[in-house]
Amino acid sequence: MHIPDPHRTFGFIPALGEAFIIFKRDPYAHIPAVGGADIISSYLTARKSYSHSRELISEGYAKYKGGIFRIPENDRWNIIVSRSDHIEEIRKAPDNVLSFSDFTNAEFFVKELMGPTLTENEYQIDLVRGQLTKNLSLLFDDLREEVMLAMDENIPLTDDWTPVHAFSKMVEVVARASNRIFVGLPVCREPEFLQVNIDYTMDANAGRDILIRLPVFLRTLVSKFLTTVPKSIARASKHLGPIIQERLNLIDEYGPDYPDKPVDFLSWLLGVATGKERRIPQLVNRILHVNFAAIHTSSMSFTHALYHLATEPHYLQPLREEIETVIDEEGWTKVAMTKMHKLDSFFRESQRYNGISLLTLSRIALKDFTFSDGTFIPKGSTISAATYSIHRDDEKYPDGEKFDGFRFARIRAQEGQNTSHQFVNTSADYVPFGHGKHACPGRFFAANELKLMMAYLVLNYDVKMENEGVRPPNVAAALACIPDVTANVMFRCRRS
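What you see is a predicted model; the values in this text were computed from it and never measured.

When its secondary structure is counted, the protein chain shows 19 helices and 14 strands. By the compact-globule yardstick of 23 Å for 496 residues, the protein chain fits well, its C-alpha radius of gyration being 23 Å. Burial status across the protein chain gives 56% buried among its 496 residues. Long-range contacts, defined here as pairs at least 24 residues apart, represent 76% of the contacts in the protein chain between residues at least 6 apart. A total of about 20400 Å² of accessible surface is found on the protein chain, and carbon and sulfur atoms cover 55% of it. Computed over 57 positive and 63 negative side-chain charges, the separation of the two mean positions in the protein chain equals 4 Å.

Following this line, the structure appears as structure tokens:
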């Protein structure tokens, strides 16, 4: 359950431009505030935080480097840490003290926009972390086939340069490839089913974008007009409902290990769901929710990396040489993906340079918490790590403001470093996936999917930006770092 901050000292309704003020002793007086801690300054700073969070976080990081600071948001103070030891303390804190689940459910309005049962039992996360990750080698051929077919259909091989709306096409490829693993054939290729999942993802993000700007007392009411869950479940059930019912019938007749049982996420859901969770609407909503996580993060991450490649096509030849060498040795296999160090580095560097969020490792304090340096965090507070600023810090990453696609490949080439600094690895200085037991559970699947997509693209296409040599600037929206969703990338059939 989300515990509201009992110590909030301000709140406001941006649409009306009118503040309502709660006068209380400031429990955060010992933590420096970006933009000022008084009511007027914090109100004005919070007003611009939606579009200027990056600047506010960077200001705090530069001014209070090594320390803890706070920035005002619509309905709360967000306490920001940047030191490695503080990040490790957050990682080690028990869930009943610093809660990741409470934060994500509140931050993404899961209960309001996606359905309350998703917050009551999060068993799908354990399946992503366990079954999905363990079965990647078994499922790799299916993933490979779907990626290649989806890329061919969405980006035709042409002799002349052809503009392609990059983000929307990558969303379609990710949705189709992911659902090959989530629900299997033939549903993963049904356009209406894929569109339901894409719409669900975009609607949930649009709804969050509205709710996050509203004061707390209005959010539940407004969310009733924003949620598309009932409509999305009904649309998706037309495709999944008969398949789920057939599998339930087979389980009833032959037991859980019935002949020719599909190996996919839906089967794993059916294997652990009990009670009301075995009903078709609940199972369909779990699939929609898993798609929300996969489509939202992977399509943005791939587009970020694609823009770098199209802006600096000199990376194409060394990537091609590596990919062709590895494929000749290993074929299109999961093992091959692990040996493409330059490709792996390219994605890791893109996540460092861009990421999809300015802050990660976020938690809500369910109890009072004190860092080892004595900094006291009251119950109900929100804590986050200054991911964007950490990743751009020259002391941690030399020339951190420059994209260097093979930065981590060079590090891995050093003696004793071969297995470190992989795309999926986390540390206190590299936190785009979070860090510790709550690091993104789907990152191993996502890494294989993204590298597979890029390897196929690199081997088959030439690419450049429509405006050659100019990478479209990222778009800041609250704490999200979004690639320009309007930009075109030029593609043609590979010539060299």
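Next comes the rest of the write-up.
A separate point is the pattern of salt bridges. Inspection of every chain in the model, using the stated rule, returns 35 salt bridges. The partner of glutamate 401 in a salt bridge is arginine 392, and the shortest N-O contact between them spans 2.6 Å. Salt-bridge contacts for aspartate 462 lead to arginine 492; the nearest nitrogen and oxygen are separated by 3.1 Å. Remark: arginine 492 occurs in strand 14 (residues 488-493) and aspartate 462 occurs in strand 11 (residues 461-465); sequence separation between them is 30 residues. You'll find aspartate 462 and arginine 492 in the same group, each marked buried. Linked through salt bridges whose partners overlap, the residues forming this network are Asp142, Glu145, Glu146, Glu153, Arg176, Arg180 and Arg189.

Following the criterion strictly, the structure yields one cavity of 30 Å³ or more and no others. The computed volume of the largest cavity comes to approximately 40 Å³. The element best represented in the lining of the largest cavity is helix 9 (residues 191-211), accounting for three residues. In terms of residue class, the lining of the largest cavity is built from six nonpolar, two polar and one charged.

UniProt's entry tags Cys440 with the feature "binding site: heme" (unreviewed entry), counted in the numbering of this structure. Here cysteine 440 shows up in the loop between helix 18 (407-412) and helix 19 (443-460). Of the residues examined, cysteine 440 reaches a relative accessible area of 30% and is grouped as partly exposed.

Within the largest apolar cluster, 109 residues are counted, with the highest numbers of intra-cluster contacts made by Leu309 and Leu457. Ranked by the residues each element gives to this core, the list is headed by helix 13 (residues 280-311), at 15 residues. Sequence-distant contacts of leucine 309, defined by excluding residues within four places in its chain, comprise Tyr315, Leu316, Leu319, Phe346, Met454, Leu457, Val458 and Val463. In terms of nonpolar packing, the next biggest core, distinct from the first, is built from 34 residues, Tyr28, Leu56, Ile80 and Ile390 among them.

Contact geometry of helix 7 (residues 136-154) with helix 19 gives a least axis separation of 10 Å together with a crossing angle of 40 degrees. Between helix 7 and helix 19, the angle is such that the two are oblique. When you trace helix 7 past helix 19, the crossing you get is right-handed. Counted together, Leu136, Phe140, Leu143, Arg144, Val147, Met148, Met151 and Asp152 of helix 7 and Phe444, Phe445, Asn448, Glu449, Leu452, Met453, Tyr456 and Leu457 of helix 19 form the full contact between these two elements. Looking at the contact of helix 7 with helix 19, its residues break down into twelve nonpolar, one polar and three charged.

Within helix 3 (residues 100-107), the full set of buried residues consists of Asp102, Phe103, Thr104, Asn105 and Glu107. If you follow the buried residues of helix 3, they end up packed against strand 5 (98-99), helix 4 (110-114), helix 5 (117-120), helix 9, strand 7 (360-365) and strand 10 (382-385).

Right, let's talk about unusual backbone geometry for a bit. In this structure, proline 186 follows leucine 185 across a cis peptide bond, with omega equal to 0 degrees. In this fold, proline 186 is placed in the loop between helix 8 (166-182) and helix 9. The backbone phi angle of leucine 361 is positive, close to 60 degrees, even though this residue is not glycine. In the Ramachandran plot, aspartate 399 falls in the positive-phi region, its phi being about 55 degrees despite a non-glycine side chain. Residue placement: aspartate 399 occurs in the loop between helix 17 (387-391) and helix 18.

Scoring rules and cut-offs
Residues numbered from 1 in each chain as written. Predicted model: local features only at pLDDT ≥ 70, side-chain atom pairs only at ≥ 80, totals over all residues. Heavy atoms only, no water. Helix = DSSP H or I, 4+ residues; strand = E, 2+ residues; numbered from the N terminus. Rg over C-alpha atoms; globule rule 2.2 N^0.38 Å. Buried < 20%, exposed > 50% of the residue type's maximum accessible area, 1.4 Å probe, protein only. Contact = heavy atoms within 4.5 Å. Areas by Shrake-Rupley, 256 points an atom, 1.4 Å probe, with all protein chains shown as cover. Lys, Arg positive; Asp, Glu negative; His and termini not counted. Charge placed at Lys NZ, Arg CZ, Asp CG, Glu CD. Salt bridge = Lys/Arg side-chain N within 4 Å of Asp/Glu carboxyl O. 1 Å grid on protein atoms, 1.4 Å probe; cavity = no way out; pocket = protein on both sides within 12 Å on 5 of 7 lines; lining within 4 Å. Points joined across faces, edges and corners; volume = space filled by probe spheres on them. Nonpolar A, V, L, I, M, F, W, Y, C, P; charged D, E, K, R; others polar. UniProt positions renumbered as here; feature names shortened; annotations may be inferred. Core = buried A, V, L, I, M, F, W, Y, C linked by side-chain atoms within 4.5 Å. Axes fitted to C-alpha atoms, helices over the stretch in contact; angles between N-to-C directions. Parallel < 35°, antiparallel > 145°, perpendicular 65-115°, else oblique. Left-handed = near helix turned anticlockwise from the far one by under 90°.

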